[in-house]
Amino acid sequence: MILDLHDFRGNVYGAMDTPMPLLTEHPLQEHFLAAWSALSEQLKAHGNKNDSKGGIVIAFELLNEVSDASHYLWNRLYKSAVKAIREIDSTRMILVGSNCQNSVAYLNQLDLINDPAVFYNFHYYEPQVFTHQKAHFSEEMKDYDQTVTYPGDISGFRTYLKSHPEYLMKYQLTAEESTHDRKLMEKLLKNAIDFVRYSGCSLYCGEYGVIDLAPPAEAVKWIQDLLSILDANQIGHALWNYKALDFGLLDLNGDIVSEELLYFMIENNR
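Report on the accompanying structure. (Residues numbered from 1 in each chain as written. Predicted model: local features only at pLDDT ≥ 70, side-chain atom pairs only at ≥ 80, totals over all residues. Heavy atoms only, no water.)

Compared with an ideal rise of 1.5 Å per residue, which puts 17 residues at 24 Å, helix α10 (residues 216-232) spans 24 Å between its outermost C-alpha atoms and is within 8% of the ideal. One or two steps after α10, the chain reaches Gln-234, where phi turns positive at roughly 55°. (Helix = DSSP H or I, 4+ residues; strand = E, 2+ residues; numbered from the N terminus. Expected span 1.5 Å × (residues − 1).)

If you look at the biggest cluster of nonpolar residues, it comprises 75 residues, and the most contacted ones within it are Phe-32, Leu-62, Trp-74, Phe-122, Tyr-124 and Trp-222. In terms of residue count, α10 provides more of this core than any other element does, eight residues in total. When sequence neighbours within four positions are dropped, the list of residues in contact with Trp-222 reads Tyr-124, Tyr-125, Glu-126, Pro-127, Phe-130, Thr-131, Tyr-150, Met-185, Tyr-208, Gly-209 and Val-210. (Core = buried A, V, L, I, M, F, W, Y, C linked by side-chain atoms within 4.5 Å. Buried < 20%, exposed > 50% of the residue type's maximum accessible area, 1.4 Å probe, protein only. Contact = heavy atoms within 4.5 Å.)

Residue position: Asp-143 is located in helix α6 (residues 139-144). For Asp-143, a relative accessible area of 47% corresponds to the partly exposed category. Each C-alpha atom of the pair Asp-143 and Leu-226 lies 27 Å from the other, and the pair is 83 residues apart in sequence. Setting aside its immediate chain neighbours within four residues, Asp-143 contacts Tyr-160 and His-164.

Okay, the pattern of salt bridges next. Under the defined criterion, the tally for this structure stands at 12 salt bridges. The closest approach of N and O atoms between Arg-86 and Asp-115, which form a salt bridge, is 2.7 Å. Of this pair, Arg-86 sits in helix α3 (residues 73-86) while Asp-115 sits in the loop between α4 (99-102) and β4 (118-124); the two residues are 29 residues apart in sequence, bridging distant segments of the chain. As far as the burial class goes, Arg-86 and Asp-115 line up, both buried. Here Lys-170 makes a salt bridge to Glu-140, at a shortest N to O gap of 2.7 Å. Remark: Glu-140 occurs in helix α6 and Lys-170 occurs in the loop between α7 (155-162) and β6 (179-180); sequence separation between them is 30 residues. On the basis of relative accessibility, which here comes to 46%, the residue Lys-170 falls in the partly exposed class. By sharing partners, the salt bridges in this structure join Arg-182, Glu-186 and Asp-225 into a single network. (Salt bridge = Lys/Arg side-chain N within 4 Å of Asp/Glu carboxyl O.)

Our focus in this paragraph is helix α2 (residues 26-43). Spanning 18 residues, α2 covers 26 Å between terminal C-alpha atoms, matching the ideal 26 Å at 1.5 Å per step. Along α2, the residues that are buried comprise Leu-28, Gln-29, Phe-32, Leu-33, Trp-36, Ser-40 and Leu-43. When α2 is viewed along its axis, its buried side chains cluster within an angular range of 140° and face the same direction. Of the exposed residues in α2, the ones pointing more than 90 degrees away from its buried face are His-26, Pro-27 and Gln-42. The elements touched by buried residues of α2 are β1 (2-4), α1 (21-24), β2 (59-61) and α3. (Arc of directions from axis to C-beta.)

This brings us to the packing of aromatic side chains. Under the criterion given, the structure shown has 13 aromatic pairs. When the centroid spacing of 6.1 Å and the interplanar angle of 45° are considered together, the rings of Trp-74 and Tyr-78 count as tilted. Of this pair, Trp-74 and Tyr-78 both sit in helix α3, four residues apart, which is roughly one turn of the helix. According to the relative accessible area criterion, Trp-74 is buried, its value standing at 2%. Following the ring pairs from residue to residue traces out a cluster consisting of Trp-74, Tyr-78, Tyr-120 and Phe-195. (Phe/Tyr/Trp six-rings, centres within 6.5 Å; stacked < 30°, edge-to-face > 60°.)

Take it as geometry only, folks, not as evidence of what the structure does.
Spelled out as structure tokens, the structure:
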């Protein structure tokens with residue numbers, strides 16, 4: 001089980017223009033470190049990977065989808081958090097995410113530390129015009145309002161972004177692409193593959209998924225290609241998500257959202 005700090009005081013999601021307060025203000029940083037120290041103290045007797053009692057292993061993920069406009073300060077804060085945890089628990093598994101909301105493109109900005117129980121992670125939803133199509137929580141996706149297939153043509157979204165430059169940063173990885181297919185996926189995942197090949201560290205894709213508004217058969221094809229690339233490169237992965245929140249295998253009532261996806265996920269994990 002991963003205990004993921006999904007938000008925290010001073011954290012500003014998507015703040016890639018100006019460094020957020022959590023990364024610049026000492027009292028907020030001290031509060032962040034104190035929280036992880038308290039959690040470590042509370043859980044030090046439970047869920048450790050070396051626990052002779054067995055049972056569930058509990059890992060800590062320091063902060064979900066970090067945004068660090070400075071490109072330096074998250075490395076400093078995460079290392080301080082690891083140090084604070086290690087003063088209490090020497091072997092707890094710890095996950096550290098990449099900058100720009102756990103972007104695969106920013107894995108090479110992570111400072112790596114010599115700790116065998118520290119692992120690194122990223123999230124993958126590219127291109128979002130497919131995985132987040134028609135999303136009610138996204139103004140641009142609601143405005144674009146197109147059904148996108150996989151493999152498929154995304155040149156229309158490229159045109160849309162040219163007339164809506166305020167969204168270019170958010171979609172920087174695919175803003176100039178016309179087609180999305182396995183070849184593009186392999187190109188975008190090169191940083192992850194290089195990380196595994198050259199860093200000597202373990203890597204985990206902590207989130208991937210396709211919104212329930214996408215054609216189910218197309219979602220399965222995208223996930224199938226993604227998992228084949230991750231598995232071939234020994235990159236662990238977890239689907240976002242199990243229940244509800246627009247990406248779930250089940251809806252709020254516990255009913256199956258996509259028979260195709262559920263069948264694939266079951267067969268893929270046999």
